[in-house]
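Next come the chains, spelled out residue by residue.
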Amino acid sequence: ELRRLERHRASASSLWNFSHFFLVKEGYALNLDQMELCNRSLKQYLELSVMYETMQRTEGSLRDAAEEMAKKKAAHTLGPLLDLCSKPYRRMLLLRELHPLEFTRYLFARQVRLLFRLNRLDEALAKTRDFLPPFLRRLRHTMGKASSSSSSQ
């Protein structure tokens, strides 16, 4: 299934859907994790992160969705930085109820968790150091939009 979806993506097919692709690829990553193949699982999450960041930069629909979610104050519901269990993330993504910042944080948490399992603490710290400044800038920007849209109503 993953190979088929990757072919659809490569051919720019209208059948390709990031949410579905994510669910399949993450399912694969979770299976690898359960089989103690953490390096291979981490690779899957790194690929998903790069793909998602690229899509955010290039596709207006993701930016529009982020702005719509900001209007609904979705950023106020962000969980703890490394939390993976407080929300049904996979279901929320499928229903398009997951704020882009929350999704970015989720991918980050998965990667850091795997780095800790691999005892690659220096990499986990470096990843955190690199992740936090842009994440906090986007969070402040999103929350600023949410407060300005609520004050204008």
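Refer to the structure above for everything that follows.
Cut-offs and rules
- Residues numbered from 1 in each chain as written.
- Predicted model: local features only at pLDDT ≥ 70, side-chain atom pairs only at ≥ 80, totals over all residues.
- Heavy atoms only, no water.
- Helix = DSSP H or I, 4+ residues; strand = E, 2+ residues; numbered from the N terminus.
- Buried < 20%, exposed > 50% of the residue type's maximum accessible area, 1.4 Å probe, protein only.
- Phe/Tyr/Trp six-rings, centres within 6.5 Å; stacked < 30°, edge-to-face > 60°.

S.K.: What is the right way to look at unusual backbone geometry in this model?
M.R.: For residues that are not glycine, phi is negative in most cases, and the peptide bond is trans in most cases. In this structure, Glu-36 takes a positive phi of about 65° despite not being glycine. Note on placement: Glu-36 falls in the loop between helix H2 (18–34) and helix H3 (38–58). Backbone geometry at Asn-119 places phi at a positive 60°, although glycine is not the residue there. With respect to the helices and strands, Asn-119 occurs in the loop between helix H6 (100–117) and helix H7 (121–151). A relative accessible area of 59% means that Asn-119 is categorised as exposed.

S.K.: I keep staring at the packing of aromatic side chains and nothing clicks. Help me out?
M.R.: Applying the stated criterion to the full structure yields nine aromatic pairs. Their ring planes at 90° and their centres at 5.9 Å tell us that Phe-18 and Phe-103 sit as a pair that is edge-to-face. One end of the pair, Phe-18, is in helix H2; the other, Phe-103, is in helix H6, and 85 residues separate them in sequence. In this pair, the class of Phe-18 matches that of Phe-103, namely buried.

Don't take any of this as a statement about function, it's just geometry.
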